[in-house]
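Each chain, written out:
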Amino acid sequence: MSRRFYIITRDLHLYLGLFFAPFVLVFSFSVFFLVHSWIPGVGTQPGVSSFMRKVVVPSNIEALDGRERVDAVRSVLEQIDISGEVGFIRHIPEKHRLVVPVSVPGRETTVAIDLEAQSASIAQRTTGTWDALVTLHKAPGPHLEAIRMNWFPMRLWRGFADATAYLLFFISISGIYLWTVLRSERRVGLSLIAAGAFSFLGIVFALAH
């Protein structure tokens, strides 16, 4: 391969890696909280604030479903200045009520909409920075695909999450290429690749059996 290709690959490997390093750190650091189900400060009671507001609820909201219902709920949330990702919408027909959890990294808001009284009760609690990292880690997942990614900042974050995954793939491939060019490091590199592959296959075998 030409020296120009080598230089371009080396520079992209370095500078793109540096640019996306903060995103990689978010996913790497937050995985400890997910794996061990431990978040600093969770044992303490966060501050909770609650209030009630009169709202105008779309008349056909109970008949809607999926993204259409989310859009109708958002028209209510805008009236009470609540923004964030709508996690799901729980419909309680016998009480003519919708319960909507709305999350922003570091804060959770539960909005209970009374369809008959045309009112909304709001309860907010601060969850903290560590929980915010967990939220960002889990947010781009495939859960409730029909309604998820309904808040623009979260859709933007999903784009960065996808880009981070593609970047890791590029860094891995380009790193192997850059390593093969350095002849003096080939023996050590082969040993490390073999050790990594052996460890991975060993873990898979152990979990499968």
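Criteria and thresholds
Residues numbered from 1 in each chain as written. Predicted model: local features only at pLDDT ≥ 70, side-chain atom pairs only at ≥ 80, totals over all residues. Heavy atoms only, no water. 1 Å grid on protein atoms, 1.4 Å probe; cavity = no way out; pocket = protein on both sides within 12 Å on 5 of 7 lines; lining within 4 Å. Points joined across faces, edges and corners; volume = space filled by probe spheres on them. Helix = DSSP H or I, 4+ residues; strand = E, 2+ residues; numbered from the N terminus. Nonpolar A, V, L, I, M, F, W, Y, C, P; charged D, E, K, R; others polar. Core = buried A, V, L, I, M, F, W, Y, C linked by side-chain atoms within 4.5 Å. Buried < 20%, exposed > 50% of the residue type's maximum accessible area, 1.4 Å probe, protein only. Contact = heavy atoms within 4.5 Å. Phe/Tyr/Trp six-rings, centres within 6.5 Å; stacked < 30°, edge-to-face > 60°. Salt bridge = Lys/Arg side-chain N within 4 Å of Asp/Glu carboxyl O. Patch = residues over 30% accessible without salt bridge, like charges linked within 9 Å, V, L, I, M, F, W, Y side chains within 5 Å. Areas by Shrake-Rupley, 256 points an atom, 1.4 Å probe, with all protein chains shown as cover.

### A few points about the layout of surface pockets
In this model, the largest pocket occupies a volume close to 450 Å³. What lines the largest pocket is a set of 26 residues, among which G87, S103, E108, T135 and K138 lie closest to the centre. Sorting the residues of the lining of the largest pocket by element identifies β2 (85-86), β4 (97-104), β5 (107-114), β6 (119-126) and α3 (129-138) as the ones contributing at least two each. For the lining of the largest pocket, a count of residues per class yields 10 nonpolar, 9 polar and 7 charged.

### A look at the nonpolar core
In terms of nonpolar packing, the biggest core is built from 22 residues, with V73, L77, I80, L98, V100 and I113 touching the most fellow members. Those elements that place two or more of their residues in this core are α2 (66-79), β4, β5 and β6. Element by element, the count of residues in this core is highest for α2, at 5 residues. Among residues more than four places away in sequence, those in contact with L77 are I82, V86, V102 and V111. In terms of nonpolar packing, the next biggest core, distinct from the first, is built from 16 residues, V26, M149, W157 and A161 among them.

### Here's the deal with the packing of aromatic side chains
Scanning all chains against the criterion turns up 7 aromatic pairs. Ring plane angle 10° and centroid distance 4.8 Å describe the contact between F23 and F160, whose orientation is recorded as stacked. In this pair, F23 is assigned in helix α1 (residues 3-36) and F160 in helix α4 (residues 152-181), connecting sequence segments 137 residues apart. Judged by its relative accessible area of 29%, F160 is partly exposed. Ring centres of F27 and W157 lie 5.6 Å apart, and the angle between their planes is 20°; this geometry places the pair in the stacked category. Of the two residues, F27 sits in helix α1 while W157 sits in helix α4, which places them 130 residues apart along the sequence. Summarising the burial analysis for this pair, F27 and W157 share the class buried. Through a chain of ring-to-ring contacts, the aromatic side chains of F19, F20, F23, F27, W157 and F160 assemble into a single cluster.

### Here we look at the environment of F200
With respect to the secondary-structure elements, F200 resides in helix α5 (residues 186-208). Here the alpha-carbon distance between F200 and F19, two residues 181 residues apart in the chain, equals 28 Å.

### So, the pattern of salt bridges
Applying the stated rule across the entire model yields 4 salt bridges. Here E85 makes a salt bridge to R148, at a shortest N to O gap of 3.3 Å. Here the residue E85 occupies a position in strand β2, and R148 occupies one in the loop between α3 and α4, the gap between them amounting to 63 residues. The same class applies to E85 and to R148, which are both buried.

### Some points on a nonpolar patch on the surface
On the surface, F29, V31, F32, L34, V35 and W130 cluster together into a nonpolar patch covering about 530 Å² of accessible area. Considering each element in turn, the nonpolar patch owes the most residues, 5 residues, to α1. Along the polypeptide, F32 turns up in helix α1.

### Things to note about the environment of S119
Here S119 is to be found in strand β6. Between the C-alpha atom of S119 and that of R183, which follows or precedes it by 64 residues, the distance is 71 Å. Not counting the four nearest positions on each side in its chain, S119 is found in contact with M52, R53, K54, V55, A112, I113 and D114.

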